[in-house]
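Structural overview for review
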Amino acid sequence: MMEGLLLILLSVVIASIHGSRLKTPALPIQPEREPMISKGLSGCSFGGRFYSLEDTWHPDLGEPFGVMHCVMCHCEPQRSRRGKVFGKVSCRNMKQDCPDPTCDDPVLLPGHCCKTCPKGDSGRKEVESLFDFFQEKDDDLHKSYNDRSYISSEDTSTRDSATDFVALLTGVTDSWLPSSSGVARARFTLSRTSLTFSITFQRINRPSLIAFLDTDGNTAFEFRVPQADNDMICGIWKNVPKSHMRQLEAEQLHISMTTADNRKEELQGRIIKHRALFAETFSAILTSDEVHSGMGGIAMLTLSDTENNLHFILIMQGLVPQGSSKVPVRVKLQYRQHLLREIRANITADDSDFAEVLADLNSRELFWLSRGQLQISVQTEGQTPRHISGFISGRRSCDTLQSVLSSGAALTPGQTGGVGSAVFTLHPNGSLDYQLLVAGLSSAVLSVSIEMKPRRRNKRSVLYELPAVFTEQRAAGSCGRVEARHTHMLLQNELFINIATALQPDGELRGQIRLLPYNGLDARRNELPVPLAGVLVSPPVRTGAAGHAWVSVDPQCHLHYEIIVNGLSKSEDASISAHLHGLAEIGEMDDSSTNHKRLLTGFYGQQAQGVLKDISVELLRHLNEGTAYLQVSTKMNPRGEIRGRIHVPNRCESPGPRAELLEEPEFEDLLFAREPTELRKDTHTHIHSCFFEGEQHTHGSQWTPQYNTCFTCTCQKKTVICDPVMCPALSCTHTVQPEDQCCPICEEKKESKETTATAVEKVEENPEGCYFEGDQKMHAPGTTWHPFVPPFGYIKCAVCTCKGSTGEVHCEKVTCPPLTCSRPIRRNPSDCCKECPPEDTPPLEDEEMMQADGTRLCKFGKNYYQNSEHWHPSVPLVGEMKCITCWCDHGVTKCQRKQCPLLSCGNPIRREGKCCPECIEDFMEKEEMAKMAEKKKSWRH
């Protein structure tokens, strides 16, 4: 096996030497025949090691070849025909992705694939050794603390696939304006196609504009800075073009900040990658006291995991003049001008980075570090020394420190249905503010504590007892004695919060404190999350799961949601639920009506977020009035496992210019009811496809979800709509519910249910049965069902039957019973037959007695229409669309846009309220004729 892999990889390396710019296909590397034992997890075996799904690695061929740094392997998730998830190894040559070096004599550094330009030798060994330290932290962090056997979560956070960058911004020196003394530090995270950034600044007024500059100095993206009274700027660049993404990866993008005050200052810097960003827990901005100095620096620091050693890397700009040789500098660690440590080194203008380790910090130094009172400074030696300095504090960012507390995560796991929701704020002086919400606790709170991972099984390791006085299940306070070691652990997601109660003194609720990456929304900074708990479900559910959510509505009436869960129950079949924990939906509090319930997303790991654009006016009204809910359902609790009440004030339900919320391209692509075959032929199927349960579904398609086989889902323009299976009415008096079927059957058929179940399970082996195109399912002989017709869902006015072993499906209309009342009603919009209200019993006219036996009605939205009836459709947030005409054709709704004539002019216009464009000449002629007609009328009078 290894010899074959070696030949494959060697051929790739040889090919890359002869033509590094040619696109090479994925290398045909297969996993081992004998997969390693992996505790039932799906993944890939390669080279004697097991890799989880989505893992990437460089293959190690052993001596004498070693690690192939130009080859990247990836464990790709695959799904079998039976729905089981497995991993497939694919490898590719990365040589063609190397950027062109900007120097004449590039060098290949050890452990790298691409050649780079050489830098000065000053501090090279120190920097490389420190890089190795940060890389080791990158590899070992999750192994040392985030132990799956303890946390018991399958976290697939977006941070795993994110890339971090940093930039030092200093005053521009090549401008005609005086250089600024301001310094800023910007941290970036690239996740998929979005680049989020957190910027802190000193010695400069709050900037008004941030610009990203490409390699030619042109503006690639601008961000208008909102007004605030702090030194933190949070922003996001969405949908970064691929060309700019390549420049970002090649460290060719720059960032610029300018102020709008009278001084017109500008700071600028280059965006670079840095390994130290992953492990960084402390930081400092270094500034100069000189006016218009144009120099500054940043420090990235971290503590060793077991020893009191402080590792740091300095990045400086402008301290050493361009063109100068090596300049000696002194790096000092000070407390109130008292020198504690001093390091001497030589730096140059081309290589001004500096790395070092301050070993064995004593208790006083650690105390000052935790309070933000340690100062780090750099000073050059010589006749005109230059000096920059700054105070060290805990790393600051726009990310959110939060925790979801559940009974399932407690040291002694339980299923109370309770929830705790905590949000923290870490200040530069080391104090930690917290806000806490709870619901569903079994007894009074005894204590709230911050703890470490237990050193022994079920043995708590308490660090701080938080003073928490609950008022209406809310508490807030501050912990002002956080040690430096614990600040480091907090920012590395290594601490927990525990709530002990009278009945469970060791802890009823527990959760890991985690940094939630910034996503560009303001809800997290302005509002507390909504707790989601089993006790809030109707009826209450005893579960070990919990969650919380941020929900907001933007000015365009789009609903944004971000949900964090902890301990969701999963099916015993790990192959089905390995990556799907549940489904999230939003609806109104009245459980008797499901008209306004909307599916949001499927859960993959602990976090789900997204945006819902086409919301009904009724649901927006419920959000505004606080009568809406957000619910997460699982296979074990399909009617809801955790739930919370949502109150989002908005003005979207009030009348106003709603039509302009929809842009013209969206206007053209609005979905109207059409034949299913026409839906499948839609030219926008790929653009409007849906991603659900790890698979892509085209617009108009339908399928059975894995989380609950008693639902049928359809994809309608990027939105997944799942309908529960409607069971036909049975004529027998005694029914039974088979465990393996969605609908009950008559008790006299009980003997044949095993035969029916076998026929359903073994569709591939036994061709007997009927395949129905609507729901795309096989139905056993003799079974009956309501047909599923997308996009309308299940049709109650028809019942289909599988006729014997011929495979023929016979569908017929439901015959409604004769009614004796004058005003029959439908109790539910989805009901086929009308009923008499209890108080109305006069005789009914003959033509209304057999409603379902006549021509089928058409349903569009909430309304029903007679055969051949025409109407203009009404769309939520848009209103009546008079340019579209729909009609009912024997139970099928058909819609068509008004056909406009072809125009010969080159400058057509479209007037308000008109469906078709017209030539401006014709319009002017009509206006003149209208004016003449008005004049003639005035003459007559």
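For every chain, the first residue of the written sequence is number 1, and numbering continues from 1 onward in sequence order. Whole-chain, interface and lining totals are the exception, using all residues; otherwise, since this is a predicted model, local features are given only for residues with pLDDT of at least 70 and side-chain atom pairs are given and counted only at 80 or more. Side-chain measures were taken over the full set of non-hydrogen atoms in the model, leaving aside hydrogen atoms and water.

**Overview of the overall build of the protein chain**
Scanning the protein chain from N- to C-terminus turns up 14 helices and 62 strands. Three labels apply to residues, based on accessible area from a 1.4 Å probe with only protein chains included: buried if under 20% of the type maximum, exposed if over 50%, partly exposed otherwise in between. Within the protein chain, buried positions represent 46% of all 941 residues. Residue contacts are defined here by distance: any two heavy atoms, one from each residue, within 4.5 Å place the two residues in contact. Long-range contacts, defined as pairs at least 24 residues apart, comprise 55% of the intrachain contacts of the protein chain with a sequence gap of at least 6. Each accessible area is a Shrake-Rupley result for a 1.4 Å probe, and residues are judged covered by the shown protein chains and nothing else. Working note: accessible area of the protein chain is about 49600 Å², and carbon and sulfur atoms make up 50% of it. For the purposes of this entry, the term helix denotes a DSSP run of H or I that reaches at least four residues, the term strand denotes a run of E that reaches at least two, and both are numbered from the N terminus.

**As for helix 4 (residues 242–249)**
Turning to helix 4, its buried residues number three or more, namely His244, Met245, Gln247 and Leu248. Summarising the axial view, the buried residues of helix 4 lie within an arc of 160 degrees, below the 170-degree limit, and thus occupy one face. Residues Lys242 and Arg246 are exposed on helix 4 and point more than 90 degrees away from its buried face. Turning to helix 4, the residues buried within the fold contact strand 6 (163–171), strand 7 (183–191), strand 8 (194–202), strand 10 (219–224), strand 11 (232–237) and strand 13 (266–273). Directly after helix 4, the chain includes Glu251, whose backbone phi takes a positive value near 60 degrees. The reported arc concerns the directions from the helix axis to the C-beta atoms and nothing else.

**What about the sheet that holds strand 38 (residues 628–633)?**
Pairing between two strands is assigned when DSSP locates at least 2 bridges connecting them. Strand order in this open sheet of four strands is 36-35-38-39, and the pairing throughout is antiparallel. Bordering the open sheet on either side are strand 36 (598–602) and strand 39 (642–646), each of which pairs with just one other strand. Strand-to-strand, the axes of this sheet are offset by a mean angle of 20 degrees, without reference to chain direction. Alignment of strand 35 (residues 583–588) against strand 38, held across six bridges, turns out to be antiparallel. Bridge pairing in strand 38 places Gly587 opposite Tyr629. Packing of helix 10 (residues 617–625) onto the sheet brings it into contact with strand 35, strand 36, strand 38 and strand 39, and relative to strand 35 it is tilted by some 85 degrees. Each axis is a line fitted through C-alpha atoms, and for a helix only the stretch in contact is used; angles between axes span 0 to 180 degrees, taken between their N-to-C directions.

**So, the packing of aromatic side chains**
A ring pair, where both rings are aromatic, is described by two values, the distance of the centres and the angle of the planes. Pairing of aromatic rings covers Phe, Tyr and Trp, the last counted by its six-membered ring, and requires centre-to-centre distances within 6.5 Å; plane angles under 30 degrees mean stacked, over 60 mean edge-to-face, and any other angle means tilted. The tally for this structure, following the rule as stated, stands at 11 aromatic pairs. Measuring from ring centre to ring centre gives 5.0 Å for Phe212 and Trp237, while their planes differ by 45 degrees; the resulting arrangement is tilted. Of the two residues, Phe212 is situated in strand 9 (residues 209–213) and Trp237 in strand 11; the sequence distance between them amounts to 25 residues. Note on Phe221 and Trp237: the rings are 5.0 Å apart at their centroids and 5 degrees apart in plane angle, and the pair reads as stacked.

**Looking at the pairing of strand 10**
In this structure, strand 9 lies alongside strand 10, joined through five bridges in antiparallel fashion. Its bridge partner lying in strand 10, Ile210 is registered against Phe223. Taking the residues that link successive antiparallel strands as the turn, the strand 9-strand 10 hairpin has five residues, and the phi of Gly217 there is positive, at about 85 degrees.

**A few points about the confidence of the model for the protein chain**
Residues of the protein chain with pLDDT of at least 70 account for 74%, and the chain-wide mean is 76. Along the chain, pLDDT gives the predictor's confidence residue by residue, from 0 to 100. Predicted confidence is poor over residues 571–579, with pLDDT under 50, and the contacts of this stretch with residues over four places away or in other chains come to 13 contacts.

**A closer look at the side chain of Thr416**
Among the secondary structure elements, Thr416 is positioned in the loop between strand 23 (400–406) and strand 24 (419–426). Once residues within four sequence positions are removed from consideration, Thr416 is found in contact with Ser407, Gly440, Gln504, Glu508, Val535 and Thr543.

**Quick look at the nonpolar core**
Phe312, Leu314, Leu369, Val378 and Ile392 are the most contacted members of the largest nonpolar core, which has 33 residues in total. Among the elements of the structure, strand 14 (282–286), strand 15 (296–303), strand 16 (310–317), strand 17 (327–335), strand 18 (338–347), strand 19 (354–358), helix 6 (363–370) and strand 20 (375–380) are those that each provide at least two residues to this core. Here this core takes five residues from strand 17, the largest share from any one element. Here Ile392 is in contact with Phe282, Ser283, Ala284, Leu301, Leu333, Leu369, Gly372, Gln373, Leu374 and Ile376, once residues within four sequence places are set aside. Throughout, nonpolar core names a set of buried Ala, Val, Leu, Ile, Met, Phe, Trp, Tyr and Cys residues whose side chains join them through atoms within 4.5 Å. Of all hydrophobic cores here, the second largest spans 27 residues; its members include Ile563, Ala584, Leu620 and Leu623.

**Considering helix 10**
Taken as a whole, helix 10 has its buried residues at Leu619, Leu620, His622 and Leu623. For helix 10, the angular spread of the buried residues around the axis is 160 degrees, confining them to a single face. On the buried face of helix 10, the contacting elements are strand 33 (546–553), strand 34 (559–566), strand 35, strand 36, strand 38 and strand 39. Downstream of helix 10 by one or two residues, Gly626 has phi in the positive range, about 75 degrees.

**Quick look at the state of the cysteines**
Here, the term disulfide refers to a pair of cysteine sulfur atoms separated by no more than 2.5 Å. Applying the stated criterion to the full structure yields 12 disulfides. Here Cys234 connects covalently by a disulfide to Cys398, the sulfurs 1.9 Å from one another. Disulfide Cys234-Cys398: the torsion about the S-S bond is -95 degrees, which places it as left-handed. Here Cys234, found in strand 11, pairs with Cys398, found in the loop between strand 22 (393–394) and strand 23; they are 164 residues apart in sequence, far enough to count as distant. For the pair shown, Cys234 and Cys398 are each scored as buried.

**Examining the environment of Ala476**
Relative to the helices and strands, Ala476 resides in strand 28 (residues 474–479). For Ala476, a relative accessible area of 55% translates into the label exposed. Along the sequence, Ala476 and Leu437 sit 39 residues apart, while their C-alpha atoms lie 8.9 Å from each other.

**Remarks on unusual backbone geometry**
In this chain, Ser538 is followed by Pro539 through a cis amide linkage whose omega measures -5 degrees. When you line up the elements, Pro539 lands in the loop between strand 32 (530–532) and strand 33.

**A short note on the pattern of salt bridges**
By definition, a salt bridge exists where a carboxyl oxygen of Asp or Glu is found within 4 Å of a side-chain nitrogen of Lys or Arg. In total, this model carries 17 salt bridges according to the counting rule given. Across the pair Arg187 and Asp164 runs a salt bridge, and its minimum N-O distance is 3.6 Å. With Arg187 in strand 7 and Asp164 in strand 6, this pair connects stretches of sequence that are 23 residues apart. Of the residues examined, Asp164 reaches a relative accessible area of 16% and is grouped as buried. Here Glu381 makes a salt bridge to Arg330, at a shortest N to O gap of 2.7 Å. Taken together, the positions of Glu381 in the loop between strand 20 and strand 21 (387–391) and Arg330 in strand 17 put the pair 51 residues apart, joining distant regions of the chain. Residue classification places Glu381 among the partly exposed residues on the basis of a relative accessible area of 32%. Overlapping salt bridges, with partners in common, bring together Asp164, Arg185, Arg187 and Glu280 in one network.

**A closer look at the pairing of strand 38**
Two faces belong to every sheet, and in a regular strand the side chains alternate between them. Along strand 38, six of the six residues are buried, which leaves the element largely enclosed by surrounding structure. Burial of the side chains of strand 38 extends over both faces: Ala628, Leu630 and Val632 are buried on one face and Tyr629, Gln631 and Ser633 on the other. Relative to strand 39, strand 38 runs antiparallel, the two being bridged by five bridges. Bridged to Val632 within strand 39 is Ile642.

**A look at the sheet that holds strand 33**
The strand order across the open sheet built from four strands is 32-33-34-37, with neighbouring strands paired in antiparallel fashion. Every interior strand has two partners, whereas the edge strands, strand 32 and strand 37 (607–612), have only one. When the angles between neighbouring strand axes are averaged without regard to direction, this sheet yields 20 degrees. Relative to strand 34, strand 33 is paired through eight bridges, and the arrangement is antiparallel. Within the sheet, the bridge partner assigned to Ala546 lies in strand 34 and is Asn566.

**Quick look at the environment of Lys238**
Counting through the fold element by element, Lys238 comes out in the loop between strand 11 and helix 4. For the pair formed by Lys238 and Ser191, sequence separation is 47 residues and the distance between their alpha carbons is 9.9 Å. Once residues within four sequence positions are removed from consideration, Lys238 is found in contact with Thr193 and Ser194.

**Here's the deal with the environment of Lys777**
As for its placement among the helices and strands, Lys777 is situated in strand 48 (residues 777–779). What makes Lys777 buried here is its relative accessible area of 18%. Expressed as a C-alpha distance, the spacing of Lys777 and Thr704, which sit 73 residues apart in the sequence, is 8.4 Å. If sequence neighbours within four positions are ignored, Lys777 has contacts with Thr704, Thr709, Phe711, Thr712, Val725, Cys770, Tyr771, Phe772 and Tyr794.

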